[in-house]
Amino acid sequence: MDKLAIIGGRPLYGVVPISGAKNSALKVMAASLLSDAPLTLTNVPRLADVDMLLKLLEQHGAQASFEGSTLTLHAKDIISTEAPYDLVRKMRASFNVLGPLLARESKAKVSLPGGCAIGARPVDLHLKALTAMGAVIELDEGYVIAEAPDGLKGAAISLPFVSVGATEHTMLAAVLAKGDTSIDNAAREPEIADLAACLNAMGAKISGAGGTTIHIEGVDRLHAAEHEVLPDRIETGAYAMAVGVTGGELTLKGAKADLLGAALPVLEEAGLVIDETDVGLRVRKPEGLCKSVDIITQPFPGFPTDLQAQFMAMMATADGASSIKETIFENRFMHAPELSRMGAKISVDGQTATVRGVKRLKGAPVMATDLRASMSLIIAALGAEGQTMVNRVYHLDRGFERLEEKLAHCGALIERVKE
Ligand code: UD1
């Protein structure tokens, strides 16, 4: 298993190209199964998660070609409606093939998903929405077996709480359903509007995506389309937080301020100077410690749970104490003990962590536990004294494109150790 060796203490200066958003790419890729015509996606990040979903889509019959960051998918014929355990267990987003398969072929058998170990992460809302649209669903030996004998029908779906995955999955299923679907209490994450834009480019009729109520008018078929994946707001926030820890100035090429939601004012309050420029966002950290800021993770436009771990790393050396409350996932503080190994002062009480800033962290061997937690260890290591060895970096390869190359280019001492 590869490791990353990082020697901390160097400020970051330079340009970091922000990749296309992983969480959007995975959903628009799943959309390719809805049509027998090609879908061309640009700005697709080359990540382990993307490769894994590609394998699954190919197994269903899609032909794929990747050139640079342009991915063309063509699911002319669906040759299998079964998504096997081995291809779904490693990544939760693979589960999203269920809706498109059901919509196009009226049946599917999809393994229950895996993904980061950050809590129970059930899929009950996904299944309830599909059932409301006329699917008959059975669970058998870890598989969801679904049929829609008369095809999917539009339905009024009201989510009991905000779920990104359930909102997207409902949209993916509803575009080809007979009649109209509405989703109330829909998630408003930018990736939802991006998926709607892609589906609309394919001929779907979706309005309201990005707001709390989404309307979908079912159509008979979708056609060929091209779509550009939006920039990754989590990667953007993570590099900004790295500057918060190391000092220096980075230009985050392609990044957009409005995608950061509540993370933007929080970063500014913590002491970062962030300017929008023609090419993206310029992030600068003036001399001195970061200021401690309290946060609560919330659905968009609130502070994203996917930046909570990285923010904790930044607060570990801030001036004062910061309270970090996680409200989306029940087990998302696994990075706290690892950061403590580096000298961070963190106490966790239920869903709230209190971080008391120390002057400097010290390098140590640490273990990456999930995707975003891994990035928090990298950020901590970049500011720490001495060497940190981050084990289990395969988590990072799932979601951060060319991480060590991007960081090394800006002055970080970071090296992959192959084993
Ligand atoms: C997506 C993102 C993930 C991000 C999360 C919240 C992808 C691939 N992943 O995950 O990076 O952290 O949004 O912004 O886009 N829940 C249920 N039943 C369901 C569905 C969800 O109880 O059927 C719960 C989850 O366990 C969680 C909460 O709802 O506690 C929110 O989950 P959700 O918004 O669905 O997250 P994901 O789509 O899994």
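The shown structure was predicted, so the numbers you read here are calculated from the model rather than taken from an experiment. (Residues numbered from 1 in each chain as written. Predicted model: local features only at pLDDT ≥ 70, side-chain atom pairs only at ≥ 80, totals over all residues. Heavy atoms only, no water.)

1. Quick look at the domain arrangement of the protein
Piece 1. If you check the domain split of the protein, you get domain 1 (3–18 + 231–417) and domain 2 (22–228).
Piece 2. For domain 1 and domain 2, the distance between their C-alpha centroids amounts to 30 Å.
Piece 3. Every contact between the two is made by 21 residues of domain 1 and, on the other side, 22 residues of domain 2.
Piece 4. When the buried surface of domain 1 facing domain 2 is broken down by residue, Phe300, Arg398 and Glu401 rank first, second and third, together holding 36% of it.
Piece 5. The tally of links from domain 1 across to domain 2 stands at six residue pairs in polar contact (both at pLDDT 80 or more).
Piece 6. Listing elements by their share of the side of domain 1 that touches domain 2, those giving two or more residues are helix H12 (371–383) and helix H13 (394–399).
Piece 7. In terms of residues, the side of domain 1 that touches domain 2 owes the most to one element, H13, which gives three residues.
Piece 8. Along the lines of polarity and charge, the residues of the side of domain 1 that touches domain 2 split into nine nonpolar, two polar and 10 charged. (Domains from an automatic or database assignment. Contact = heavy atoms within 4.5 Å. Buried area = accessible area lost by both parts, 1.4 Å probe. Polar contact = N/O pair within 3.5 Å; in protein donor to acceptor, adjacent residues only side chain to side chain. Helix = DSSP H or I, 4+ residues; strand = E, 2+ residues; numbered from the N terminus. Nonpolar A, V, L, I, M, F, W, Y, C, P; charged D, E, K, R; others polar.)

2. Here we look at the packing of helix H5 (residues 124–132) against helix H6 (residues 164–174)
Packed helices, taken two at a time, are described by their axes: the angle between them and the distance between them.
Piece 1. Packing of H5 against H6 brings their axes to within 8 Å, and their N-to-C directions diverge by 25°. Taken together, H5 and H6 sit at an angle that is classed as roughly parallel. Here H5 and H6 pass one another in a crossing that is right-handed. Each of Leu125, His126, Ala129 and Leu130 in H5 lies in contact with H6, whose residues at this interface are Gly165, Ala166, His169, Thr170 and Ala173.
Piece 2. Class assignment for the residues of the contact of H5 with H6 results in five nonpolar, four polar and no charged. (Axes fitted to C-alpha atoms, helices over the stretch in contact; angles between N-to-C directions. Parallel < 35°, antiparallel > 145°, perpendicular 65-115°, else oblique. Left-handed = near helix turned anticlockwise from the far one by under 90°.)

3. Thoughts on the site of the ligand
Piece 1. Surrounding the ligand, one finds 19 residues, the nearest of these being Arg92, Asp124, Ser163, Asp306 and Ile328.
Piece 2. Burial of the ligand by the protein chains amounts to 87% of its free accessible area of 740 Å².
Piece 3. If you list the elements that add at least two residues to the shell around the ligand, you get helix H1 (22–31), H5 and H6.
Piece 4. Broken down by element, the residue count for the shell around the ligand peaks at three residues, all from H5.
Piece 5. Residues of the shell around the ligand, tallied by class, amount to eight nonpolar, five polar and six charged. (Near = heavy atom within 4 Å. Areas by Shrake-Rupley, 256 points an atom, 1.4 Å probe, with all protein chains shown as cover.)

4. A word on the pattern of salt bridges
Piece 1. Counted according to the given criterion, the structure contains 17 salt bridges.
Piece 2. The partner of lysine 22 in a salt bridge is aspartate 49, with the nearest N and O atoms 3.6 Å apart. Separated by 27 residues along the polypeptide, lysine 22 in helix H1 and aspartate 49 in helix H2 (residues 48–60) bring together distant segments of the chain.
Piece 3. Judged by its relative accessible area of 7%, lysine 22 is buried.
Piece 4. The partner of glutamate 168 in a salt bridge is lysine 27, with the nearest N and O atoms 2.4 Å apart. In this pair, glutamate 168 sits in helix H6 while lysine 27 sits in helix H1, placing the two residues 141 residues apart along the sequence.
Piece 5. For glutamate 168, a relative accessible area of 0% translates into the label buried. (Salt bridge = Lys/Arg side-chain N within 4 Å of Asp/Glu carboxyl O. Buried < 20%, exposed > 50% of the residue type's maximum accessible area, 1.4 Å probe, protein only.)

5. A few points about the environment of aspartate 278
Piece 1. Summarising the element assignment, aspartate 278 is placed in the loop between strand S16 (273–276) and strand S17 (280–285).
Piece 2. On the basis of relative accessible area, aspartate 278 is assigned to the exposed category, the value being 85%.
Piece 3. Residues aspartate 278 and alanine 193, spaced 85 residues apart in sequence, show a C-alpha to C-alpha distance of 23 Å.

6. Considering the pairing of strand S15 (residues 248–253)
Consecutive side chains along a regular strand alternate between the two faces of the sheet.
Piece 1. For strand S2 (residues 12–17) and S15, the ladder comprises six bridges, and the chain directions are parallel. By the bridge assignment for S15, leucine 12 is matched with glycine 248.
Piece 2. Where S15 meets S17, six bridges bridge the pair, whose relative direction is antiparallel. Across the sheet, residue glutamate 249 finds its bridge partner in S17, namely arginine 284. (Pairing = 2+ DSSP bridges.)

7. Regarding the side chain of glutamate 189
Piece 1. Structurally, glutamate 189 is set in the loop between strand S11 (180–184) and helix H7 (190–201).
Piece 2. In contact with glutamate 189, other than residues within four places in its own chain, are Val164, Arg233, Pro299 and Phe300.

8. Describing the side chain of serine 35
Piece 1. As for its placement among the helices and strands, serine 35 is situated in the loop between H1 and strand S3 (39–42).
Piece 2. For serine 35, a relative accessible area of 1% translates into the label buried.
Piece 3. Residues contacting serine 35, with those up to four places away along its chain left out, are Ala75, Arg104, Met202, Leu222 and His223.

9. Focus on unusual backbone geometry
Piece 1. Look at the link from phenylalanine 300 to proline 301: it is a cis peptide, with omega at 10°.
Piece 2. By the element assignment, proline 301 lies in the loop between strand S18 (295–296) and helix H10 (308–315).
Piece 3. For asparagine 43, which is not a glycine, the phi torsion comes out positive at approximately 60°.
Piece 4. Position of asparagine 43 among the secondary structure elements: in the loop between S3 and H2.
Piece 5. Unusually for a residue other than glycine, arginine 402 sits at a positive phi of about 45°.
Piece 6. Summarising the element assignment, arginine 402 is placed in the loop between H13 and helix H14 (403–409).

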